[in-house]
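So you can see what is in the structure, the chains are spelled out below.
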Amino acid sequence: MPTFDYAPAPESRAVVTLQPSYGLFIGGEFVEPVAGGGMTTIEPATEKVLAEVAVADERDVDLAVRTARRAHQRIWSRMPGAERAKYLYRIARIMQERSRELAVLESLDNGKPIKESRDVDVPLAAAHFFYHAGWADKLDWAGFGPNPAPLGVAAQVIPWNFPLLMLAWKVAPALATGNTVVLKPAETTPLTALLFAEICAQADLPPGVVNILTGAGATGAALVAHPDVDKVAFTGSTEVGRQIATAVAGTRKKVTLELGGKAANIVFDDAPIDQAIEGIVNGIYFNQGHVCCAGSRLLVQESVAEEVIARLQARMTTLRVGDPLDKNTDVGAINSQEQLTRITALAEAGEAEGATRWSAPCPLPRKGFWFAPTVFTGVAPAHRIAREEVFGPVLSVLTFRTPSEAVARANNTPYGLSAGIWTEKGSRILWMADRLRAGVVWANTFNRFDPASPFGGYKESGYGREGGRHGLAGYLKEAGL
Ligand code: NDP
C-alpha cells in the first residue's frame, strides 16, 4: 500500500530580525534596566536561546508608572476620542502589515503552530484594535452616562499562552477609553510584546502611553503593588489571581481577573458526530491545550460514548505534532519545561487514580518540550484530571444519561469560564445554556472568539469581562452596565 504523507512546509523565519538583547520600553524608547542584567527566552521546540531580555525591578516599575501617569495627564486623557482612535487604527493596520513577522515570532517564542498564530492569534489581535478604535469616539453613547472618564494608569499582567492576543485584549480597551498602560508579558514569551513596542513607536503613539516591562513574577508583583496604579488587569492562573486580589484589597485600584478553567464540552446523542469530533479536538488540542477556556472535560451521553471515543481516537491519530513553523503542524511544542513537568505529573496522577490513558501514537521530536495528545477514559468526577486545570493536551472523558445530569456534572467545578453543547435541538441548547454556570457557552462550535463578545468567568475563573461593550466598563470611572 502506498502511503501518502505531507511534505514539510516550513514557514521562513527570515522575516523576523531578532536583536541579541532587548531593554525595557519606557517613554517611547528602549532603556536599560536600572539594575542591568537580564534573562533569556528560548524556543521551546528546540531549546535554543532566542534573545536576552531585561528584567525590571521596583525602580524600573516606578519609572514606567510615573511615565505612564505623565502621558495620561498631559496627553492621552486630554486627546479627543476621535484622535485616540486614529492611533488605534494605525496600530491595527501596522499589525496587519507585519502579521507574518508577528506570527513567526509568536510561534518561535511560544511553540504554537504557525497556522494558529497566522490564522487566529495575529488576526484576532489586530481585530481587537480595530474594534476598540471604533469605540474611542463613541464612549458617550456606550451606556455609561455622559463623558465617561478613564481611570488613569492601567497595570496589565499577561500569561504565555496567547502572548500577543492577550496583550491586545488588555491594551486596546485601555487606550480606547483614555487610559495609559504599563504591561508585563510572561517570562517565557516576551518577544511579540517587544515587537509590539516597536509598532507603537512606528505608529507615533505619544511616548509613555504604552510601556512594556519584561521580567518574571516579581516584576508583575511590583507592578500590581505600585501605589500610583489605578487599574489592575490580570490573566493567568487562579493561584496568582488570588495573590493579586489580596495585594490590591483595601486599595482604590479597580481589578479584573481572567483566571483558569475546566470547561465541559457536552455531546448529546443527537449531535452531528463528525462536527462534534472536530469540536472536541479543537476544544482541547488547539494551542497544545494551553487555553484557559479549553474543553478539557468531555461529557458524552452514555449511549454514544463508545462511538464518540473510537472516532475521536481515530481522528487523533491523524494529528501532526512537531515543528511549530511547519504549516502542516496541528500540535506544537509545550511552552516550557516547567509546564511539561506539570502536565506529565497530572497525567501520571490520572493513571494512578485509575483512569485509562490513551495517547496518539505520534513520533515526538527529541529536542524541545513535547506531549502527545492524550485522552483519559473511565474518569471519575473526583479524579484530579477531572478537577484541576492541566493546561496541556489532555482530555478527560466522563459520561452522563440525562440533560440534568450533564448540567450537574458540568457545574461540578470550582471554575466557570466556558462550556460547549453539541446537539441538534435548539431548545435543548437554550435550556442548557440557562443552567450552565460559565461565562461563555458555545453551541455546536468551540473556541470561537470575537472582539465584540464579552469574555470572562464565574466563580474561581475570575471577575470582570474583556471585549465588547462590557469590557470597556473595567477601564472607566463609575461605569454601570
Ligand atoms: P502565572 O499565573 O504565574 O503567570 C501569569 C502572569 O503573571 C505571568 O506574566 C507571570 O510572570 C505573572 N506573575 C507571576 N506571579 C505573579 C505575582 N505574584 N504577581 C503578579 N504577577 C505575577 O502562570 P504560570 O505561567 O506560572 O502557569 C502556571 C499555571 O497556571 C499553568 O500550569 C496553568 O495551569 C495556569 N495558567 C492559566 C492561564 C489561564 O489563562 N487560565 C494562563 C497561564 C497559566 P512569569 O511568567 O514571569 O511567571
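The rules behind these values
- Residues numbered from 1 in each chain as written.
- Predicted model: local features only at pLDDT ≥ 70, side-chain atom pairs only at ≥ 80, totals over all residues.
- Heavy atoms only, no water.
- Helix = DSSP H or I, 4+ residues; strand = E, 2+ residues; numbered from the N terminus.
- Rg over C-alpha atoms; globule rule 2.2 N^0.38 Å.
- Buried < 20%, exposed > 50% of the residue type's maximum accessible area, 1.4 Å probe, protein only.
- Contact = heavy atoms within 4.5 Å.
- Areas by Shrake-Rupley, 256 points an atom, 1.4 Å probe, with all protein chains shown as cover.
- Phe/Tyr/Trp six-rings, centres within 6.5 Å; stacked < 30°, edge-to-face > 60°.
- Lys NZ or Arg CZ within 6 Å of the ring centre and 35° of its normal.
- Domains from an automatic or database assignment.
- Buried area = accessible area lost by both parts, 1.4 Å probe.
- Salt bridge = Lys/Arg side-chain N within 4 Å of Asp/Glu carboxyl O.
- Nonpolar A, V, L, I, M, F, W, Y, C, P; charged D, E, K, R; others polar.
- Near = heavy atom within 4 Å.
- Polar contact = N/O pair within 3.5 Å; in protein donor to acceptor, adjacent residues only side chain to side chain.
- 1 Å grid on protein atoms, 1.4 Å probe; cavity = no way out; pocket = protein on both sides within 12 Å on 5 of 7 lines; lining within 4 Å.
- Points joined across faces, edges and corners; volume = space filled by probe spheres on them.
- Pairing = 2+ DSSP bridges.
- Right-handed = clockwise from strand over helix to strand, strands pointing away.
- pLDDT = per-residue confidence, 0-100.
- Axes fitted to C-alpha atoms, helices over the stretch in contact; angles between N-to-C directions.
- Core = buried A, V, L, I, M, F, W, Y, C linked by side-chain atoms within 4.5 Å.

A. How the structure looks around the overall build of the protein chain. Looking only at helices and strands, the protein chain features 15 helices and 18 strands. Against the globule reference of 23 Å for 481 residues, the protein chain gives a C-alpha radius of gyration of 22 Å, in line with a compact fold. Expressed along its principal axes, the backbone C-alpha trace of the protein chain runs to roughly 65 × 50 × 35 Å. Across the 481 residues in the protein chain, those meeting the buried criterion constitute 59%. Here the contacts in the protein chain between residues at least 6 apart in sequence split such that 75% fall between residues at least 24 apart. Total accessible area on the protein chain stands at roughly 18,700 Å², and carbon and sulfur atoms take up 52% of it.

B. Molecular detail of the packing of aromatic side chains. Within the structure shown, the criterion is met by twelve aromatic pairs. Sitting above the plane of the Tyr 6 ring, Arg 320 keeps its charged end 3.8 Å from the centroid.

C. Examining the domain arrangement of the protein chain more closely. Structurally, the protein chain comprises domain 1 (21-259 + 459-475) and domain 2 (264-443). One C-alpha centre belongs to domain 1, the other to domain 2; they are set 30 Å apart. If you look at the interface, domain 1 gives 30 residues, while domain 2 gives 32 residues. Buried surface at the junction of domain 1 and domain 2, both sides included, amounts to about 2,600 Å², of which 56% is carbon and sulfur. Counting the surface domain 1 buries against domain 2, the share from its top three residues, Trp 160, Lys 459 and Ser 461, is 21%. One can count one salt bridge joining domain 1 with domain 2. Close ionic contact of Lys 115 with Asp 330 constitutes a salt bridge, the shortest N to O distance being 2.5 Å. At the level of elements, helix H3 (99-110) and helix H4 (114-136) are the ones that each hand at least two residues to the side of domain 1 that touches domain 2. Among the residues making up the side of domain 1 that touches domain 2, the classes are represented as eleven nonpolar, nine polar and ten charged.

D. Quick peek at the site of the ligand. Lining the immediate environment of the ligand, one finds 28 residues, of which Ile 158, Trp 160, Ser 237, Gln 339 and Arg 342 sit closest. Side-chain polar atom of Glu 389 to an oxygen atom of the ligand: 3.4 Å apart, as the coordinates give it. Burial of the ligand by the protein chains amounts to 87% of its free accessible area of 850 Å². Elements represented by at least two residues in the shell around the ligand include exactly helix H7 (217-225), strand S9 (231-235), helix H8 (238-248) and helix H11 (337-352). Split by residue class, the shell around the ligand holds 14 nonpolar, ten polar and four charged. Taken domain by domain, the shell around the ligand gets at least three of its residues from each of domain 1 (21-259 + 459-475) and domain 2 (264-443).

E. A look at the layout of surface pockets. Roughly 1,100 Å³ of internal volume is contained in the largest pocket. Secondary-structure elements contributing two or more residues to the lining of the largest pocket are H7, S9, H8 and H11. Ranked by residue count, the leading element in the lining of the largest pocket is H8, at seven residues. Partitioned by chemical class, the residues of the lining of the largest pocket number 18 nonpolar, 13 polar and nine charged. In this structure, the second largest pocket spans a volume of roughly 260 Å³.

F. Representation of the pairing of strand S16 (residues 418-422). Of all five residues in S16, five are buried; the element is thus mostly enclosed. Because side chains alternate across S16, one face comprises the buried residues Ser 418, Gly 420 and Trp 422, and the other comprises Ala 419 and Ile 421, equally buried. Here strand S11 (residues 264-267) pairs with S16 via four bridges, running parallel. Looking at S16, one finds that Ala 264 is bridged to Ala 419. Once you follow S16 into helix H14 (residues 426-435) and on to strand S17 (residues 440-443), the crossover reads as right-handed.

G. Broad picture of the side chain of Thr 177. With respect to the helices and strands, Thr 177 occurs in the loop between helix H5 (163-176) and strand S7 (180-184). Residue classification places Thr 177 among the buried residues on the basis of a relative accessible area of 1%. In this structure the side chain of Thr 177 is engaged in a polar contact, spanning 2.6 Å, whose partner is the backbone oxygen of Pro 173. Engagement of the side chain of Thr 177 in a polar contact is seen with the backbone oxygen of Ala 174, the distance being 3.0 Å. When near neighbours in sequence (up to four residues on either side) are disregarded, Thr 177 contacts Arg 84, Leu 139, Pro 150, Leu 472, Tyr 475 and Leu 476.

H. Structural detail: the confidence of the model for the protein chain. Across the protein chain, the average pLDDT comes to 97, with 99% of residues at or above 70. The element-level mean pLDDT for the protein chain is lowest in strand S18 (residues 462-463), coming to 94, with strand S8 (residues 210-212) highest at 99.

I. Looking closely at the sheet that holds strand S1 (residues 21-22). One open sheet accounts for three strands, arranged S1-S5-S4; its pairing is mixed. Lying at the two open borders of the sheet, with one neighbouring strand each, are S1 and strand S4 (38-43). Bridging between S4 and strand S5 (residues 48-54) involves six bridges; their strand directions are antiparallel. For Ile 42, the partnering residue across the bridge sits in S5 and is Val 49. Lying on the sheet, H3 is in contact with S4 and S5; it crosses S4 at an angle near 100°. Most of the contacts of helix H6 (residues 191-202) go to S5, to which it runs at about 55°, and overall it touches S1, S4 and S5.

J. Spatial organisation of the nonpolar core. With 103 residues, the main nonpolar core has Met 95, Phe 129, Phe 196 and Ile 212 as its most contacted residues. Taken domain by domain, this core gets at least three of its residues from each of domain 1 (21-259 + 459-475) and domain 2 (264-443). The residues touching Phe 196, leaving out its near neighbours within four places in the chain, are Ile 91, Met 95, Phe 129, Leu 164, Leu 167, Val 171, Val 210 and Ile 212. Among the nonpolar cores identified, the runner-up in size contains 29 residues, and Ile 343, Ala 386, Val 407 and Ala 438 belong to it.

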